[in-house]
Amino acid sequence: METEIFENLRLELRRGSLILAVLAQLRTEHYGYALRKALEGHGLAIDENTLYPLLRRLETQGLLVSHWREEDKRNKRFYRLSPQGVIVLYQLLNENEAMHAAIDRILAPIPSAETAPDTDPGQNPETALQPEMLEPKEQLQ
Amino acid sequence: MTTSRTQPPSTDLVGRYLQAVGFWLPRAQKQDILAEISEDLHSQIEDRESDLGRAMTESEVSDLLKQRGRPILVAGQFLPQRSLIGPALYPIYVLVLKIVALCYVIPWLLVWFGIMLFHRTQMAAHLSSEMHSLGTLWTIVFTQFGIITLVFAAIDRVSIKTPCVSDWDPRKLPKLKVETHTKRRMNALAGLVFGIFGLLWLLAIPNYPFLIIGPAAYFLKAAPIWHVVYWPIVALSIASLFEAVFVIVRPQLTWFPPTFRIATTLLSAWIVNALLHTQTYVLPANRDVAGLAGILNICILVCAGIWAVCLVVGLVIYIWRAVREIRRTVQPATPHLA
């Protein structure tokens, strides 16, 4: 049950981040498969069944432009940010930054903040953020 | 890079897969979407074959497609995500369905169950007609639910075109319902006062029958059934006084009144059952008023029938309230305004 809840919340959290990542990656032109590989290379694997509908949706919203072009003897659809997409991307990045800053401020009073590791806490079980570190202050006292 | 595209197994399977996906796609975008999926699949196959250093087998291609997902689900991702009834109307839709279920389905089922019990001695003779009536009930239920769903879906479509979501005034919201202990006590006190008068009236009836049927008491007599149900009716009246006193003393125990009323409703059901089993409630003192007695008997029978239906509805409401209040008592942390 907890796993299911976590999985649902994780997907919800990822959804917005994926849009941001796709828009950011498409500052340079990519076709679908290359985009997927590029994102995967940056540590953000994205399912093809998620990516292609997302690309179409973003294009319909005017944030991306695309065209078919032959490359390596195959027709491929290349995507890149539209001028409107550039504006929206930077607005989203600012929003994302503000959100992260707010979360950092919310988490700041907990003891782990002083000893926060430089590396990605999710990668190292010894330094990863533990549930007990997030307990309310009243419970810690 | 290998020349996987020329390999029959992958080409054949991919082609069949794309055809299956295409079946679910809208015609206008079909070719475009399929071309893109095809390109992605072939790129993936090329990469895999490059890693393997050989062409992929049919089984490997099959696994790859299986991993991609069922064609209908893959196609579904490209279709607009639309709901029949949107989130703005959904709570009202559920409420209407609940009202229909509460006021129609549950009472009907209970009445049907009652009829089954009533006819239990002649089960074989009535079974087929009663089962038929139950089948009719479900047909009506599904029709009602279907019509409600279609109406709400239509409203949803119209409301999307004419956005009125922001057009509301918080000042027009209903006033906050605050049921304090004092208010509960005052209601119970009023019930107690009227209940005492009611009980006195009830106790006086055997000696002063005109209190219930007026001047007709001079030429109509009570039938023997009233000797059977009189004291249970008095007991009901006393029970209502007890409930009122309890609420005055312990108004915080909100689960008690509905729970207690379940018990009194069951006693009422027994009384109604007894009344419905007889069709003579008043007897004429002479032949001249036999017609009047007959009319009165029919009226009382009809009233008993209506009372039975009211009891069923009341029972459902009391059960629902009892469950709600007990849950609130069990989960005191849940905030509620009442």
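Check the entry above for the structure.
What you are looking at is a predicted structure, and each value in this text was computed from that prediction instead of being measured.

Calculation rules
Along each chain, residues carry numbers from 1 onward, in the same order as the chain's sequence is written. Numbering of ligands from 1 and lettering of chains from A proceed in the order in which they are written. Residues qualify for local features only when their pLDDT is at least 70, as the model is predicted, and side-chain atom pairs are given and counted only at 80 or more; totals for whole chains, interfaces and linings, by contrast, use all residues. Starting at the N terminus, helices and strands are each numbered in turn, a helix being any DSSP run of H or I of at least four residues and a strand any DSSP run of E of at least two. With C-beta atoms placed from the backbone, a residue is buried if 20 or more other C-beta atoms are within 10 Å of its own, exposed if 12 or fewer are, and partly exposed between those counts. Two residues qualify as a contact pair if the distance between their C-beta atoms, derived from the backbone, is within 7 Å. Gly is placed with the polar residues, together with every amino acid not listed as nonpolar (Ala, Val, Leu, Ile, Met, Phe, Trp, Tyr, Cys and Pro) or charged (Asp, Glu, Lys and Arg). To obtain each axis, a line is fitted to C-alpha atoms, and for helices this fit is confined to the stretch in contact; angles are then taken between N-to-C directions over 0 to 180 degrees. To sort the angles, those under 35 degrees are grouped as roughly parallel, those over 145 as roughly antiparallel, those from 65 to 115 as roughly perpendicular, and the leftovers as oblique. Note: crossing handedness is left-handed where the near helix turns anticlockwise from the far helix by less than a right angle, and right-handed where it turns clockwise. Should DSSP find at least two bridges between two strands, the strands are taken to pair.

A. Broad picture of the overall build of chain A. Secondary structure assignment for chain A yields five helices and three strands. Starting at the N terminus, the α and β elements of chain A follow one another as α-β-α-α-β-β-α-α. Counting the 141 residues in chain A, one finds 16% classified as buried. The long-range fraction of contacts in chain A, counting pairs at least 24 apart against all pairs at least 6 apart in sequence, stands at 39%.

B. Representation of the interface of chain A and chain B in the model. Each partner contributes residues to the interface: chain A has eleven residues there, and chain B has 13 residues. Of all elements in the fold, only α2 (32-41), α3 (48-60) and β3 (74-81) of chain A reach the threshold of two or more residues within the side of chain A that touches chain B. By residue number, the principal contributor to the side of chain A that touches chain B is α3 of chain A, which donates five residues. Partitioning the side of chain A that touches chain B into residue classes produces three nonpolar, three polar and five charged.

C. Focus on the packing of helix α10 (residues 256-277) of chain B against helix α11 (residues 290-330) of chain B. Residue and element names in this part refer to chain B. In the contact formed by α10 and α11, the axes pass within 9 Å of each other and the chain directions differ by 165°. Between α10 and α11, the interaxial angle falls into the category roughly antiparallel. Note on packing geometry: the crossing formed by α10 with α11 is left-handed. Side by side, α10 and α11 meet where P258, T259, R261, I262, T265, S268, A269, V272, L275 and L276 of the first sit next to A304, G305, W307, A308, L311, G314, L315, Y318, I319, R321, A322 and E325 of the second.

D. Local environment of the sheet that holds β3 of chain A. Residue and element names in this part refer to chain A. Taken in spatial order, the three strands make up an open sheet running β1-β3-β2, and their pairing is antiparallel. At either end of the open sheet lies a strand with only one pairing partner, and these are β1 (30-31) and β2 (64-71). Pairing of β1 with β3, which is carried by two bridges, proceeds in the antiparallel orientation. Along β3, the bridge assignment pairs H30 with Y79.

No statement about biological role is implied by the geometric values presented.
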